[in-house]
Amino acid sequence: MITGVLVLVLGWYGLRGLARGWERAAHLVGLLSPYTRRLHAWVLAAPATFAYVAVFTSSTLLQKTGPPGLVRLLTTTQSTNLAHLGTRPLVVLADSALWVADKGSGLLFYIAVFATVVAWAEQRYGTPRIVVIALCGHVFGSLLTAFVEWHAIRAGRAPARLAYATDVGVSYVMVAGCAAAVVLMRGRWRVAGAVALGAGIVLPVFVTHTIWDLGHLLATLCGLTAALFALRLAPPRVPPSLEPCLPGRTGT
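Residues numbered from 1 in each chain as written. Predicted model: local features only at pLDDT ≥ 70, side-chain atom pairs only at ≥ 80, totals over all residues. Heavy atoms only, no water.

J.: Run through the overall build of the protein chain, naming residues and quoting values.
T.: Along the protein chain, the regular secondary structure elements total 12 helices and zero strands. Along the chain direction, N to C, the helices and strands of the protein chain fall in the order α-α-α-α-α-α-α-α-α-α-α-α. Oriented by its inertia axes, the alpha-carbon framework of the protein chain measures out at about 75 × 45 × 30 Å. Across the protein chain, the fraction of contacts at a sequence separation of at least 24, relative to all contacts at a separation of at least 6, is 79%. Accessible surface computed for the protein chain: about 14300 Å², of which carbon and sulfur atoms make up 71%. (Helix = DSSP H or I, 4+ residues; strand = E, 2+ residues; numbered from the N terminus. Contact = heavy atoms within 4.5 Å. Areas by Shrake-Rupley, 256 points an atom, 1.4 Å probe, with all protein chains shown as cover.)

Set out below in structure tokens:
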């Protein structure tokens, strides 16, 4: 998938180069430019979201191509489990958000959700507020999950080895951003968003009963709370119109 995107990008800029001296290429560039300009403007209007996508996509490439032992060591030492949170909480809270869990499994899904739903939310909250919302989902979601783990281990309801489990991933950030987006949706879109969150976040808690599913629910609630508080501070903004600022159809 990543290779395909790179091929498309290089092909597009190659076509634009040919358009300077080849009439057919210039005609094709003229037909495609309105769509590429919209895509360009969409990305520029959500810089934090797409920068984050680039980061966790790069870490997934490392997981796919790096030595398995090294990748396992990195994800284990940067996990937000009880053992690490008790010794270096700030480091593991930051590092754990840079990885896609399960060796990069579900990368396409994460990219799709961030590039559409979370990017849409950033354009309306603004970059500072969406970053705060994402941090609340990841940080407080991780800490609350760790507290539940600690309580379960102490009560004898979970094995002690759970304190050393690997827990990394971008999903807490994603669900917090999705919750923030649903708050701003209206009509059928809000209903669809709420149903999707319910099916993907709430239902697994009652079906599979894993600590990770509970963690997603807690991160969603933290993101939702942060989003509501952010809207109390200021209303959603009108998304910036960046397309008119971009180069012309066949310009540089």
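J.: Just give me the short version of the packing of helix α10 (residues 171–184) against helix α12 (residues 211–233), but keep the residues and values in it.
T.: Contact geometry of α10 with α12 gives a least axis separation of 7 Å together with a crossing angle of 45 degrees. With respect to α12, the axis of α10 lies oblique. Like other packed secondary-structure pairs, α10 and α12 cross with a definite hand, here right-handed. Contacts between α10 and α12 pair Ser-171, Tyr-172, Val-175, Ala-176, Ala-179, Ala-180, Val-183 and Leu-184 from the former with Trp-212, Gly-215, His-216, Ala-219, Thr-220, Gly-223, Leu-224, Ala-227, Leu-228 and Leu-231 from the latter. Split into classes, the residues belonging to the contact of α10 with α12 amount to 13 nonpolar, five polar and no charged. (Axes fitted to C-alpha atoms, helices over the stretch in contact; angles between N-to-C directions. Parallel < 35°, antiparallel > 145°, perpendicular 65-115°, else oblique. Left-handed = near helix turned anticlockwise from the far one by under 90°. Nonpolar A, V, L, I, M, F, W, Y, C, P; charged D, E, K, R; others polar.)

J.: Residue-level account of the nonpolar core, with values.
T.: Core analysis: the biggest nonpolar cluster contains 38 residues, and Phe-56, Phe-114, Tyr-125 and Ile-133 have the highest contact counts within it. Elements that contribute at least two residues to this core include exactly α3 (47–65), α8 (107–125), α9 (127–154), α10, α11 (187–207) and α12. Counting residues per element, this core draws most heavily on α10, which supplies 12 residues. Filtering out sequence-adjacent residues up to four positions away, Ile-133 remains in contact with Tyr-125, Ala-176, Ala-180, Gly-223, Ala-226 and Ala-227. (Core = buried A, V, L, I, M, F, W, Y, C linked by side-chain atoms within 4.5 Å. Buried < 20%, exposed > 50% of the residue type's maximum accessible area, 1.4 Å probe, protein only.)

J.: Summarise the state of the cysteines; cite the residues concerned and give the values.
T.: In this structure the tally under the stated criterion is zero disulfides. Unpaired in terms of disulfides, Cys-136 finds its nearest cysteine sulfur in Cys-222, a separation of 7.4 Å. Residue classification places Cys-136 among the buried positions, given a relative accessible area of 18%. (Disulfide = S-S within 2.5 Å.)

J.: Could you give an account of the packing of aromatic side chains, with specific residues and numbers?
T.: Across all of its chains, the model carries five aromatic pairs by this definition. Consider the rings of Phe-56 and Phe-114, whose centres lie 5.3 Å apart with planes at 50 degrees: the pair is tilted. Of this pair, Phe-56 sits in helix α3 while Phe-114 sits in helix α8, and the two are 58 residues apart along the sequence. In this pair, the class of Phe-56 matches that of Phe-114, namely buried. One aromatic cluster in this structure is built from Tyr-52, Phe-56 and Phe-114. (Phe/Tyr/Trp six-rings, centres within 6.5 Å; stacked < 30°, edge-to-face > 60°.)

J.: So what about the packing of α11 against α12? Which residues, and what values?
T.: Close contact between α11 and α12 brings their axes to 8 Å; oriented N to C, the two are set at 140 degrees. It follows that α11 is oblique to α12 by the angle criterion. Here α11 runs over α12; the crossing is left-handed. Along the contact surface, α11 presents Ile-201, Val-202, Pro-204 and Val-205, while α12 presents Asp-213, Leu-214, His-216, Leu-217 and Thr-220. Residues that form the contact of α11 with α12 fall into these classes: six nonpolar, two polar and one charged.

Shape is all these values report; function is a separate question.
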